[in-house]
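# Observations on the three-dimensional arrangement
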Amino acid sequence: EKVLESGVSRRCVVRVASSSSSRRVASSLRDRVVHGDTVSQIRAQLGAARVVGATCLCCARDGVLLAAAPFDVVLVDEAAQVHQLHAVAACLRAARFVLVGDPHQLAPVVRSAFGRENGASESLFQRLASKHPA
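Now for a quick tour of the structure.

What counts and how
Residues numbered from 1 in each chain as written. Predicted model: local features only at pLDDT ≥ 70, side-chain atom pairs only at ≥ 80, totals over all residues. Heavy atoms only, no water. Helix = DSSP H or I, 4+ residues; strand = E, 2+ residues; numbered from the N terminus. Rg over C-alpha atoms; globule rule 2.2 N^0.38 Å. Contact = heavy atoms within 4.5 Å. Areas by Shrake-Rupley, 256 points an atom, 1.4 Å probe, with all protein chains shown as cover. Core = buried A, V, L, I, M, F, W, Y, C linked by side-chain atoms within 4.5 Å. Buried < 20%, exposed > 50% of the residue type's maximum accessible area, 1.4 Å probe, protein only. Polar contact = N/O pair within 3.5 Å; in protein donor to acceptor, adjacent residues only side chain to side chain.

## Some details on the overall build of the protein
Along the protein, the regular secondary structure elements total six helices and five strands. Relative to the globule expectation of 14 Å for 134 residues, the C-alpha radius of gyration of the protein, 16 Å, shows essentially globular dimensions. Pairs at least 24 apart in sequence give 51% of the contacts found in the protein among residues at least 6 apart. As displayed, the protein has an accessible area near 8,800 Å², and 54% of this comes from carbon and sulfur atoms.

In structure tokens, the structure reads:
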């Protein structure tokens, strides 16, 4: 919705979502939801979109966006709460990426004790912020 409010034309915006999650997409974007059974169906629907919205999980699974053309920039919102691998999967789709988040928010939820013990609770945002403090 914020993208549309900024003046970007509706025909240039699409939201990639599964059939089951499309009902959770903002009502102003529901007619711009792209989904399909195959990557080629989804890719055809992306068309001339200039702004593509998707969750990091969508970027990480099913190869949906792997077949799409590379993006100029990937912006990951709420990046402090996103699992590292999901964030990396999204960021690999572009030459540049921007992580936006609050380092004081909750870390990603990790149910696996093994995962927690081996660093899966640290987001890419947290990892980069600790390596490159402002």
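## Thoughts on the nonpolar core
In this structure, Val76, Ala90 and Leu99 are the most contacted members of the largest nonpolar core, which totals 14 residues. For this core, the secondary structure elements donating two or more residues are helix 3 (56–60), strand 4 (71–76), helix 4 (84–91), strand 5 (94–99) and helix 6 (124–131). It is helix 4 that contributes the most residues to this core, three residues altogether. When near neighbours in sequence (up to four residues on either side) are disregarded, Leu99 contacts Val76, Ala79, Cys91, Leu124, Phe125 and Leu128.

## Points about the side chain of Gln84
In this fold, Gln84 is placed in helix 4. A distance of 2.7 Å separates a polar side-chain atom of Gln84 from the backbone oxygen of Glu122.

These values are about where atoms sit, not about what they do.
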